[in-house]
Every structure is written in structure tokens, then in C-alpha cells.
Amino acid sequence: MSVRKKGLLSAGAAFAVLTGLVAGCFGGMQAIANSSRNQKSSTLVAQAEQKTLTVIFPNRSDSTDLQNKANAVATFLSKELGTPVQAKIGDDTAAVEALRGNTADVAFLSSRPALKAEQLAGARLYLAEVRPTYSGRYTYNSIFVVPKDSSLKTLGTSKATLEQLRGKRMAFTSPTSGSGFIFPVGELVKQKLVGNRDRLDAFFSQVVYGGDYSKALKAVVQGQADVGAVSEYAFNTPYITDAEKSQLRVLYKIPGVPAHGVAIDDDVPAATRERIINAMLKLNEPQNNELLRSLYNSTELVKVDHNKHLAPIREALKNAGIDP
């Protein structure tokens with residue numbers, strides 16, 4: 001091999017080495033760039049996963065020291081989910097607005113606000129509360145209550161029983177109450193005794209609103225009303241005393257009122273939603289159950305189908321001529 005050829009080969013080899021070094025250097029730079037991007041992406045994902053989850057706990061008449069109890073549940077959920085969870089207190093209306101405004105992700109809601117949350121925020125009910133005072137486990141009765149010595153009787157048919165209320169003084173709980181107004185009025189319409197919620201005065205001699213279960217029941221106890229409409233679970237302490245209960249009896253029951261439950265906003269990704277549901281179901285376990293019981297006296301949370309669970313309140317609203 002000639003010296004010239006050796007020189008050319010040496011030059012070629014040197015170029016190849018140089019090219020390899022450049023390529024290796026560029027590849028290393030590219031790997032570093034890719035690594036940097038991956039780290040940035042991982043950081044963003046981690047930050048997204050660390051987004052604070054906000055849960056709204058509405059005030060209820062039978063709840064006390066709710067903020068501290070809700071904080072304890074939030075701490076439990078945070079540990080289970082591995083993400084910060086904060087508890088906020090507000091009424092049902094505030095809870096629905098928070099879901100609509102994306103300032104809350106989860107809310108404990110009663111049935112009618114749950115429909116409103118679906119309508120305004122796309123939220124759906126995934127869990128329902130169970131109480132020992134619910135006759136249907138996670139549904140309960142709306143009841144008409146009369147004085148124990150009332151001449152009104154539970155007769156053979158629904159219409160015959162409710163027809164006796166014509167001309168009587170009626171105490172509803174409030175115009176927004178499901179079991180204390182919407183279901184009773186819906187039943188009266190269903191039995192063709194009244195036209196809608198605006199025709200009550202044509203059936204009853206007087207209509208009053210207690211404002212809550214206790215006051216509606218006391219109106220009957222104190223002789224200010226002939227009949228009252230409340231939830232079956234209100235026919236116990238702390239809503240009335242045992243002495244007051246002994247002066248009353250149930251005239252008529254409307255079954256199937258949907259229990260309160262847990263709604264989750266539609267903005268929550270499906271995988272995250274399932275993790276939230278599973279974390280909340282762990283509140284049923286003996287070692288965690290007191291956290292759940294302390295909130296609203298519920299003993300268990302169960303999965304429900306949103307449409308099936310809320311179907312009875314939809315029908316009652318329709319019968320009563322009330323928008324959700």
C-alpha cells in the first residue's frame with residue numbers, strides 16, 4: 001500500500017472519528033434535552049396530580065361541629081388519594097354553585113340539589129348514604145303525620161286516605177323540602193286531589209310552612225295544624241322528643257325518597273373519580289366508620305346509579321309542577 005493511500009486512509013479515519021464524536025456529542029445533547037423535557041413533563045404531571053381536591057359538606061339541621069368533622073374526613077381522603085383534600089362548608093345552593101364554577105370537585109348533596117348539579121355543572125351522584133332510620137336502606141319515606149287521637153284513618157286506598165285531608169290545616173316543612181313538600185304534593189297530584197303546587201289552597205283550609213322538620217311536627221303537636229309532612233327519620237329525636245312523638249302517629253307513607261349522596265363534577269377524570277369513590281367507600285370499614293357517622297349520622301356509603309336513584313324525585317317534581 002502506498003504512503004499516499006495510507007495518508008488518505010488516515011485522513012478518512014480521522015474524519016470518521018471526528019464525525020462519530022460530533023454525532024456522539026449531538027446524541028448526548030439530544031438525550032439531555034429529551035431527559036429535560038421528560039423531567040419537565042413528569043413535574044407537570046406531578047403538579048397536576050397534586051391539585052387540591054375540594055369537597056363541599058352542606059350544613060344540615062342534625063350536624064354539629066361540622067367543619068372539624070369534615071376536616072377529619074378530608075385528612076383521611078388526602079392520605080388515601082395521595083393528594084391534598086380540603087373541606088368546605090356551605091348549603092346545598094353554594095355546593096351546586098361551587099361545582100358549576102369549578103371551585104369544588106365533590107359535594108355531599110340531597111336529591112333535588114343533585115339534579116340541579118347535573119343540570120348546571122354536569123355533576124352526577126355516585127354514592128348514597130345509608131341510615132338505620134331509612135326504611136329502604138338508601139331510600140326513605142315521606143310521611144303525613146296526625147295527632148294520635150285524630151279522626152283521620154289509614155283507609156284501603158291511597159286516594160281514600162288522602163281525600164280525608166280536604167279542608168284540613170296542613171303544615172309542610174318548607175317549599176324546597178323533598179319529603180316535606182315535593183313528594184307529598186306530588187302524591188296529591190298523582191291521586192288527582194290537587195292540580196299542582198299552586199292549587200293547595202283549594203284543597204286545604206290552611207297551608208303553613210314550619211321551616212324545618214321539628215317546627216312542622218310541633219305545629220301538629222301544639223294543635224296549630226291537623227296534619228304535617230316530614231321525613232320518616234324526623235319522627236325521632238333530635239327532631240322531636242319522645243313525649244312529643246307519643247302524641248302523634250303516621251297516617252300515610254310515600255316510599256322511595258332518594259337518600260342524600262356524593263356528587264362528583266364532570267371535570268374530574270374518570271380514573272381520579274374511581275379513586276375518589278373507592279377512597280370514600282373505605283369510610284365503611286370499621287376502623288374508619290366513625291368518621292362517616294360523625295358527619296350526618298350515616299352508617300354506610302353505597303354505589304348508586306345516578307338516573308335510577310334520582311328517578312323518584314324527578315317524577316315527584318314533575319307531578320308537583322316544580323322545575324328541578
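Residues numbered from 1 in each chain as written. Predicted model: local features only at pLDDT ≥ 70, side-chain atom pairs only at ≥ 80, totals over all residues. Heavy atoms only, no water.

Draft legend 1. A look at the pattern of salt bridges. The tally for this structure, following the rule as stated, stands at 11 salt bridges. One salt bridge in this structure joins Arg-100 and Glu-97, with 3.0 Å as the shortest N-O distance. Taken together, the residues span about one helical turn, with Arg-100 and Glu-97 both in helix α3 (residues 92–100) at a distance of three residues. Residue classification places Glu-97 among the partly exposed residues on the basis of a relative accessible area of 36%. (Salt bridge = Lys/Arg side-chain N within 4 Å of Asp/Glu carboxyl O. Helix = DSSP H or I, 4+ residues; strand = E, 2+ residues; numbered from the N terminus. Buried < 20%, exposed > 50% of the residue type's maximum accessible area, 1.4 Å probe, protein only.)

Draft legend 2. Up close: the sheet that holds strand β10 (residues 261–264). An order of β2-β1-β3-β10-β4-β11 is seen for the six strands of this open sheet, with the pairing classed as mixed. Both edges of this open sheet fall to β2 (85–90) and β11 (300–303), since each of them pairs with a single strand only. Here the strands of the sheet are splayed against their neighbours by 25° on average, with no regard to which way each runs. Helix α9 (residues 270–281) contacts β1 (53–58), β3 (106–109), β4 (124–130), β10 and β11 of the sheet and is inclined by roughly 145° relative to β11. (Pairing = 2+ DSSP bridges. Axes fitted to C-alpha atoms, helices over the stretch in contact; angles between N-to-C directions. Contact = heavy atoms within 4.5 Å.)

Draft legend 3. Structural context of the packing of aromatic side chains. Going through the model one piece at a time under the given rule, you end up with 14 aromatic pairs. On the basis of an interplanar angle of 80° and a centroid distance of 5.0 Å, the ring pair of Phe-172 and Phe-181 is categorised as edge-to-face. The residues Phe-172 and Phe-181 share a single accessibility class, namely buried. Ring centres of Phe-172 and Tyr-209 lie 6.1 Å apart, and the angle between their planes is 25°; this geometry places the pair in the stacked category. One end of the pair, Phe-172, is in strand β6 (residues 169–172); the other, Tyr-209, is in strand β7 (residues 206–209), with 37 residues separating them in the sequence. Tyr-209 gets classed as partly exposed once you look at its relative accessible area, which sits at 39%. Three or more aromatic residues joined by ring pairs make a cluster, and in this case those are Tyr-134, Tyr-140, Tyr-213, Tyr-233 and Tyr-239. The ring of Tyr-296 has Arg-60 lying over it, and the distance from NZ or CZ to the ring centre is 3.6 Å. Over the face of the ring belonging to Tyr-233 we find Arg-131, whose NZ or CZ atom lies 4.9 Å from the ring centre. (Phe/Tyr/Trp six-rings, centres within 6.5 Å; stacked < 30°, edge-to-face > 60°. Lys NZ or Arg CZ within 6 Å of the ring centre and 35° of its normal.)

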